[in-house]
Amino acid sequence: MRLLVSQHNIGKWAAYYVYKKIREFKPTKSKPFVLGLPTGSTPLDMYKELIKFNQQKLLSFKHVITFNMDEYVSLPDDHPKSYHYYMFNNFFNHIDIDHKNVNILNGNATYLDYECKVFEEKIAGFGGMELIIGGIGEDGHIAFNEPGSSLNSVTRVKTLNYSTILASSRLFGDKVEDTPTLALTMGIKTILDANEVLIMAKGLNKSQAVAHAIEGSVSSMCPVTALQMHRKAVMLCDEYAAFELKLKTIRYFENLKDEYYNLEQEVATKGFTN
């Protein structure tokens, strides 16, 4: 896994990364670009920037297939806190993507296990994901793969930990009783099967999880550490999220002048500012 501590807005950096990957891939109807996507507050700047690229005719999503990481169980699609609502309201309704190419787990499916199985098969049917973007929880979870999740897990129904339910209750009027207790989520293996993984971390509250991800040993108790086994994973974080990392770790990755370093310079010179 690689580390990039960016001095720029990480959402805008991620948007430029997605832009370059899709443009270089040159997707067509018969060879679409398959993209995994997250929800949450951290990716919002990325979505805003990608919308700008699309509106400026710099990037098209006509031949892009998307798969979202997760969804709550039993929330209506039009519920303001559902991930369906989030994705269409913040992204899909503002770009030229064919809505038939949008794949979000159905938390209202009659047979949830079957829904997860079909979702996995559909990803495989497209040859897997080319790139997946994700975030990281304070406890190191990715998607709804919380501590203790199998590193070999695939898309499945997940019972949420009480701490997760409690943290999510702020989105539901601070009412724990109204907060979903089940979710559908991509598994860790599903995420690791993507050709590339980009994980974003923003803020001091993510600093311990970032330190474990980069410097800790691989453990199911900190699911994001599984990315150490991936052939091409990047941890993109701001300076606050890097606060707990050892200085020698940061210096080591700064000294690797590769495509990530070059991209950081491109982002800086093209006017991507905080």
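What follows deals with the side chain of N68. Mapped onto the elements, N68 comes out in strand β3 (residues 64-68). Residue classification places N68 among the buried positions, given a relative accessible area of 0%. Polar side-chain contacts of N68 include one of 3.4 Å to the backbone oxygen of L37. In this structure N68 touches L37, P38, T39, M87, F92, N103, I104, F119 and M186, once residues within four positions along its chain are discounted.

Our focus in this paragraph is helix α8 (residues 247-254). It helps to recall that an α-helix has 3.6 residues per turn; residues three or four apart then point in one direction. Three or more residues of α8 are buried, namely T249, I250 and F253. The arc that holds every buried residue of α8, seen down its axis, measures 95°, which confines them to one face. More than 90 degrees from the buried face of α8, the exposed residues found are L247 and K248. The inward-facing, buried residues of α8 abut β1 (2-5) and α7 (207-215).

A separate point is the packing of aromatic side chains. All chains considered together, the criterion is met by 16 aromatic pairs. Taking the centre distance of 5.0 Å and the plane angle of 45° together, the rings of Y19 and F53 count as tilted. Here Y19, found in helix α1 (residues 10-25), pairs with F53, found in helix α2 (residues 44-55); they are 34 residues apart in sequence, far enough to count as distant. Residue classification places F53 among the buried positions, given a relative accessible area of 7%. Arranged with centres 6.3 Å apart and planes meeting at 70°, the rings of Y47 and Y86 form a pair that is edge-to-face. In this pair, Y47 sits in helix α2 while Y86 sits in helix α3 (residues 83-90), placing the two residues 39 residues apart along the sequence. Accessibility classification places Y47 together with Y86 in one group, the buried group. Ring pairs connect the aromatic residues Y47, F61, Y86, F88, F91 and F92, which therefore count as one cluster. Looking at K31, its charged tip hangs above the ring of F25, at a distance of 4.8 Å from the centre.

Cut-offs used in this document
- Residues numbered from 1 in each chain as written.
- Predicted model: local features only at pLDDT ≥ 70, side-chain atom pairs only at ≥ 80, totals over all residues.
- Heavy atoms only, no water.
- Helix = DSSP H or I, 4+ residues; strand = E, 2+ residues; numbered from the N terminus.
- Buried < 20%, exposed > 50% of the residue type's maximum accessible area, 1.4 Å probe, protein only.
- Polar contact = N/O pair within 3.5 Å; in protein donor to acceptor, adjacent residues only side chain to side chain.
- Contact = heavy atoms within 4.5 Å.
- Arc of directions from axis to C-beta.
- Phe/Tyr/Trp six-rings, centres within 6.5 Å; stacked < 30°, edge-to-face > 60°.
- Lys NZ or Arg CZ within 6 Å of the ring centre and 35° of its normal.

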